Every structure is written in C-alpha cells, then in structure tokens.
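A closer look at the structure
Okay, here's what each chain looks like letter by letter:
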Amino acid sequence: MSDRIVAADVVITSPGRNYVTLKVTTADGVVGYGDATLNGRELAVASYLRDHLAPLLVGRDPARIEDTWQLLYRGAYWRRGPVTMAAIGAVDVALWDVKGKTLGQPVYQLLGGAVRARVLTYTHASAWEVPALLDAVDARLAQGFRAVRAQSGVPGLATVYGLHRDVASYEPAARGSGLVEERWDTSAYLRHAPDVLAAVREHVGPGVHLLHDAHHRLTPQQAARLGKALEPVDLFWLEDVTPAENQDVLRLVRQHTTTPLAIGEVFTTVFDVHHLITEQLVDFVRCAVVHAGGISHLRKILALAEVYQVRGAPHGPSDVSPVSFGASVHVGLATHNFAIQEYMGYPEPVHDVFPHSWSYADGYLHPGDAPGIGVELDEKLAAKFPYEPAYLPVARTLDGTLTDW
Ligand code: CS2
Ligand code: MG
C-alpha cells in the first residue's frame, strides 16, 4: 500500500462533557477517528498526541497498525500509564478505522467476524432513596435493559460519588475548575448497601442481572464481608471493591465469597491486569479500548483472560466517547469471552456531534455495518462546544482524611 498518513489532528469538544478525538487523514483522503478522552486530564493526552505522536505519524503507512503500536509503546522508553496508553489507544483505533474504510469492511469483520448476534449491555440506575431507585430500575427495564447497575445514597452522608439527590442521573465530573470535596464513611455504606441491593433484587425478581460498584473504597476485609452479605442478592458482579494496585489482597476476598468480582477500569495494560487474570482474582476484566491502548491491546488482554475463564466487560461511562464505545462494541461482537458492555448513555448533543452506526435495542448493542468503526465527527457542530474544565470530586472521610473516591 503506498498510501501514507498526511495529517494527525486533535479535536477537543465538550457537548455536555469533554472529549478528545484524534483525526488521522491519509493521502487518499480516508479519515480515521480515535478517542483519547481521559476524564479530568483531557489536555494532557491532547498535548501528548499533538506534540509527540502526530509528528511520528505523518508519513507512516496507516496499514501497519501493530508496528505503529509497538513504535509508540516501545519507542517512547516510558511505558504504560493512562496518558500514554490513551494516546496510543486513539492512534490504534483511528488506524483500525482507516483500515476498515479502506477495505470497505466493519472492524468486527477484520477481527475475525461475529461470534454472537448482539452484545449484552448494562446501564445505570441511581437514586438517593430506595423507592426512587426502584423507579429508576423500572425505567431502565422498560427501556429493555436486562442488566442494571444499582447505586443509592447512604444515610448520614450528604453526598455520594456520582449521585445527585434530585436527579436520577450519574455524571460524576463537575464542570468548573474548583475542586469538589465529598465526605465518605465506609461503615455507613456497609450498613446500608446490602439492604438496598436486597430490596432491588426483591423488586425485580430473579431474571434481571444486577450489578453494583464499590468504587475502590473498601479494605480487603470489608470487601469480603460485603461480597458475603450480597450472596443472596445473586449479583452479576461487585465492582472495584478495593484499590486494586495491591492485587494479592483479593485472594482474601475470594476465600470468603462467591460473589463475582469485576476490576480494571483504571488499568491500562496487560501488565497491570495479568496477575488479576492468571491468579483468577476476578471474574470480569474491565479495561476500556480507550484507556488500554486501543483495540489491538485490549484484544491481547482478552486473549489472556480467555485462558483463565475471565470475561471481558469494558468500562463504558459517558467519559468513554462514542468512538471508543463503538470500537468496544466491535470487539464485543468478535471476541468469544466478551461478557457485557457498560452503556451509561450520553448527553443528547453527543449523538449529533459523533454520528454513529452502533445502536442499542432491547438490552443489546450492535456496532453496525458501516466500514471502519462507524463513528464520525461533525467538526462544525463540535466547534460549538468548546472545552470546559471539569473534574471528578475527591472524597475525605469524616475526620478529613483524603480517601479513595
Ligand atoms: C464508573 C465510572 O462506570 C463506572 O463503572 O466507575 O463512571 C467512573 O466513575 C468514571 O468513568 C470516572 O472517570
Ligand atoms: Mg466503575
């Protein structure tokens, strides 16, 4: 192939929340898009791409996806980490997009073709009080979802990560450059959460998959206790029980509970999760296309996971843009041990800024059959939504000690 990359541009837009998109253009005029969004650290990845990777990309053969990945990963000397891996992920997805468009095939065909008809998805139901939470779950079931993540408020606490007292939505990043501080009390949460989830199970009956996210806040003992207390609820998974940099502690959790565990949204390479996988410390690995080096690297993580009967369940909040969300659904359709895709949904203008071939129907997703990833960027519309600083809150315990959010 004599075609070359002639431009690698970065577009930052904020249609309800911030997104960083890499646009790769080839000499033949083919355009590929990759998502480089890193919630709260968007501009660092934009600079990494503009200042350090774009000069390397211009003049390269876009067909050499794996070689480019190796160049960007090994060639920098500095490896891993979310900024580097999100930037490499954006390049990787943009090149898969170019390849698909060049060959006239949706990316899932290039990954070996469909292994299932559609990809199971779960969404969020969040509310401060239990009755409102049950209503939120009902609303999600009415939309056809068969799997729902349930989060509630905690008595005695004024705020809980991602929850709004009056709005049944979950969008943890607050616009504005000020730091938002929340108060957190794990004991109060542990006293309340099992009853909340039991009430949800009782309400929906046995046929619905229920999930819950503990947001990295528990000690190993607390995680074990919670997992055990939730066994009658029959969760699809309990997510991020501990700050999982110290992965050995999960052995203790495993010894005490059969509640399935899911971890990985903050991990960026196979080297960060291989222990979780090979020691079978989790049931689901949650690395996202965007944060784990793109389609090429996520496939390697999932290939390792397959050997150990660990299944893929990529992170899919609103801070994963429709571009990498689409890429994830292609991977989901073509990867045997892909279990479920999180779909939190997007603020309305996002669907217009990123017109996409992927679609949701009746609890499932499909990537569509447009060549490439099937997600475009309306640059004119994107320009109407300039970047606005937005940050996740931080949490302090009742005595004022900074804790895991
Ligand atoms: C959450 C995320 O979707 C999830 O499971 O943990 O919403 C997370 O809070 C954000 O992606 C942080 O950027
Ligand atoms: Mg999570």
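Up top is the structure.
Quick look at the structure, then. (Residues numbered from 1 in each chain as written. Chains lettered and ligands numbered in written order. Predicted model: local features only at pLDDT ≥ 70, side-chain atom pairs only at ≥ 80, totals over all residues. Heavy atoms only, no water.)

1. Quick look at the sheet that holds strand β3 (residues 31-35)
- Ordered in space as β1-β2-β3, the three strands form an open sheet in which the pairing is antiparallel. Each end of this open sheet is capped by a strand with a single partner; those strands are β1 (5-13) and β3. With direction set aside, neighbouring strand axes in the sheet form an average angle of 20°.
- Bridge count for β1 against strand β2 (residues 19-26) is eight bridges, and the pairing is antiparallel. Looking across to β2, one finds that Ala8 is bridged to Val24.
- Each of β1 and β2 touches helix α1 (residues 42-57); the most contacted strand, β1, lies at about 175° to it. (Pairing = 2+ DSSP bridges. Helix = DSSP H or I, 4+ residues; strand = E, 2+ residues; numbered from the N terminus. Axes fitted to C-alpha atoms, helices over the stretch in contact; angles between N-to-C directions. Contact = heavy atoms within 4.5 Å.)

2. Structural notes on the sheet that holds strand β7 (residues 181-184)
- Pairing is mixed in the open sheet, where three strands are placed in the order β7-β17-β18. Unpaired on one side and paired on the other, β7 and β18 (402-403) mark the two borders of the sheet.
- Note: β7 against strand β17 (residues 394-397), four bridges, orientation parallel. Among the inter-strand pairings, Glu182 is bridged to a residue of β17, identified as Ala395.

3. Quick word on the pairing of strand β8 (residues 209-213)
- Taken across its five residues, β8 has four buried, putting it largely inside the fold.
- With three bridges connecting them, strand β5 (residues 147-152) and β8 associate as parallel partners. Note that in β8 the partner of Ala147 across the bridge is His209.
- Here three bridges tie β8 to strand β9 (residues 237-239), and the two strands are oriented parallel to one another. Bridge pairing in β9 places His212 opposite Leu238.
- As for the winding sense of the linkage, the β-α-β connection from β8 through helix α7 (residues 220-229) to β9 is right-handed. (Buried < 20%, exposed > 50% of the residue type's maximum accessible area, 1.4 Å probe, protein only. Right-handed = clockwise from strand over helix to strand, strands pointing away.)

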